[in-house]
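Fold and contact review
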Amino acid sequence: MEPPLHNNFRDILAIPAQALSAKRILVMTFFLCVGLLVYDLFTYAALTIDGKSLEAYWALYGFLPLAWFKLSSFAAGALYGVGITLGILTVMLGLFGVSVIEIEQIRGNRFLSAFGAIKFSFQRLGQLFVSEISFAATLVVIAGFVLLLGLVTRIPFVGEWVFALTFLIPGFMVALLSILIVFVWILSIVLLPAVAASEQKKEAFNAILMTFSTVIRQPVRWLVYTAYGVVIAKLASFVYAYICFLAVYLFTWCASLSAGNKATNLVRAGLSHLPGNSDFVRETFQVFPGVDWSFSISRWMRSGSDDAVGYIMALMLFFIFASIVGYFLAIIATGQARSYAVIRFINDEYIIADEDPLFFVEEHVNEPT
């Protein structure tokens with residue numbers, strides 16, 4: 001039985017331990033890999049359309065083209081933007097899946113499987129998509145009214161008076177509202193999945209409403225909880241990354257006692273196909289940005305070959321690396337789910353733990369005779 005929440009900061013202190021479960025890391029890693037695959041396909045397609053050398057960019061970035069590419073053609077830029085959007089949406093599905101596991105555990109159901117969380121995430125894809133599109137649609141409508149006001153302003157004499165009289169209300173107020181919407185829209189990438197996971201029904205409007213309510217009514221508390229989640233997630237994922245590094249080293253060393261240099265060469269061949277020297281990889285293997293406390297895999301890399309087994313080895317090593325990032329994001333998602341449960345109680349005195357689980361039905365027990 002899940003212990004009751006304290007409805008304060010103590011509830012999120014242990015989120016690294018809560019997130020350190022195979023099913024949470026598996027769910028997050030799965031969607032992370034799918035999102036990266038979608039992003040890679042659209043990014044490399046955009047680079048190809050723009051006339052860039054696909055072979056050169058693949059040799060430079062490989063699986064992780066995590067850079068801001070300047071594209072000259074509109075079609076390539078649009079395709080690149082679609083890839084970024086779909087990649088972010090897929091990662092949000094992973095955050096949603098981990099949040100569902102945590103919310104169900106808060107409700108008393110500890111048995112939601114990784115497959116069940118992944119399946120339910122795909123079922124709620126429409127809710128997340130409509131919610132994010134609603135933010136963009138609202139900004140488009142506001143921009144349309146501003147453009148219309150600009151056209152009215154061009155009218156001689158009358159337009160100038162209309163612009164001056166509407167500059168403060170509603171002009172300035174609408175501009176402030178637009179900034180707030182953009183701010184909440186950015187924050188919704190990590191917060192909205194947790195809010196949607198707590199909803200019993202697939203309603204985009206209520207998810208948007210509760211996202212705004214969380215940020216507006218408890219901004220300091222949410223920012224403090226989120227900042228703690230990010231810092232502790234980076235620290236915990238670094239420890240997890242180093243353990244993974246030691247595990248790979250130990251396994252390879254033990255295998256090399258009987259296999260000779262063949263085991264070591266296979267690992268080196270796999271690493272040669274991965275962007276081990278990229279900025280993203282270096283930051284992952286560093287405890288905090290700017291802190292000189294890290295480890296490196298560059299000395300294990302050697303010139304690769306085109307053997308198929310080398311690519312298979314690279315894929316295995318990539319999944320291990322993806323689980324490190326998956327663990328980092330799983331901590332973020334777990335922290336957001338717990339933070340939302342606490343803030344929901346503080347705002348409305350509503351206890352999510354009192355709700356019935358979505359995926360658990362108690363076994364029928366005959367009444368005593």
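Just above sits the structure.
Overview of the structure.

The rules behind these values
Residues numbered from 1 in each chain as written. Predicted model: local features only at pLDDT ≥ 70, side-chain atom pairs only at ≥ 80, totals over all residues. Heavy atoms only, no water. Salt bridge = Lys/Arg side-chain N within 4 Å of Asp/Glu carboxyl O. Helix = DSSP H or I, 4+ residues; strand = E, 2+ residues; numbered from the N terminus. Buried < 20%, exposed > 50% of the residue type's maximum accessible area, 1.4 Å probe, protein only. Expected span 1.5 Å × (residues − 1). Contact = heavy atoms within 4.5 Å. Patch = residues over 30% accessible without salt bridge, like charges linked within 9 Å, V, L, I, M, F, W, Y side chains within 5 Å. Areas by Shrake-Rupley, 256 points an atom, 1.4 Å probe, with all protein chains shown as cover. Core = buried A, V, L, I, M, F, W, Y, C linked by side-chain atoms within 4.5 Å. Axes fitted to C-alpha atoms, helices over the stretch in contact; angles between N-to-C directions. Parallel < 35°, antiparallel > 145°, perpendicular 65-115°, else oblique. Nonpolar A, V, L, I, M, F, W, Y, C, P; charged D, E, K, R; others polar.

1. Here's the deal with the pattern of salt bridges
In this structure the tally under the stated criterion is eight salt bridges. Of the charged contacts, one joins Arg-24 and Glu-102 as a salt bridge, the two residues approaching to 2.7 Å between their closest N and O atoms. Placement of the pair is Arg-24 in helix H2 (residues 22-49) and Glu-102 in helix H4 (residues 74-106), with a sequence separation of 78 residues. Take Arg-24: its relative accessible area is 2%, and that puts it in the buried class. With relative accessibility at 0%, the residue Glu-102 sits in the buried group. Between Arg-107 and Glu-104 there is a salt bridge, and its shortest N-O distance comes to 2.9 Å. Here the salt bridges do not stand alone but share partners, grouping Arg-24, Glu-102 and Arg-338 into one network.

2. Here we look at helix H6 (residues 125-153)
Residues separated by three or four positions in an α-helix point in the same direction, a consequence of the helix having 3.6 residues per turn. The end-to-end C-alpha distance of H6, which contains 29 residues, comes to 42 Å, matching closely the 42 Å that a straight helix rising 1.5 Å per residue would cover. Those residues of H6 that fall on the buried side of the exposure criterion are Gln-127, Leu-128, Ser-131, Glu-132, Phe-135, Leu-139 and Ile-142. Buried positions along H6 lie against H4, helix H8 (167-198) and helix H9 (204-217).

3. Description of the environment of Cys-254
With respect to the element layout, Cys-254 can be found in helix H10 (residues 219-259). Taking the relative accessible area as the measure of exposure, Cys-254 reaches 38% and is therefore partly exposed. When the C-alpha atoms of Cys-254 and Gly-229 are compared, they prove to be 37 Å apart, with 25 residues separating the residues in sequence.

4. Here we look at a nonpolar patch on the surface
Residues Leu-168, Ile-169, Phe-172, Met-173, Leu-176 and Ile-179 make up a contiguous nonpolar surface patch of about 620 Å² in total accessible area. Inspection of the secondary structure assignment puts Ile-169 in helix H8.

5. Section: the environment of Ala-255
Position of Ala-255 among the secondary structure elements: in helix H10. Aside from chain neighbours lying at most four places away, what touches Ala-255 is Gly-260 and Ala-263.

6. Structural notes on unusual backbone geometry
The omega torsion across Ile-169 and Pro-170 is 5 degrees, close enough to zero to call that bond cis. Positionally, Pro-170 belongs in helix H8. Of note, Glu-349 is a non-glycine position whose phi angle comes to about 55 degrees, a positive value. The topology assignment puts Glu-349 in the segment after helix H13 (308-348).

7. As for the side chain of Arg-344
With respect to the helices, strands and loops of the structure, Arg-344 is situated in helix H13. Note on Arg-344: relative accessible area 16%, which makes it buried.

8. Some remarks on the nonpolar core
Here is a general trend for soluble globular proteins: nonpolar side chains tend to be buried in one another's company. Grouped together as the largest cluster of nonpolar side chains are 88 residues, with contacts concentrated most on Val-27, Leu-128 and Phe-285. Looking at which element gives the most residues to this core, the answer is H13, with 18 residues.

9. So, the packing of H2 against H4
Direction vectors running N to C along H2 and H4 enclose 175 degrees, while the axes themselves pass 7 Å from each other. Taken together, the axis directions place H2 and H4 in an arrangement best described as roughly antiparallel. Residue classes in the contact of H2 with H4 are distributed as 22 nonpolar, eight polar and three charged.

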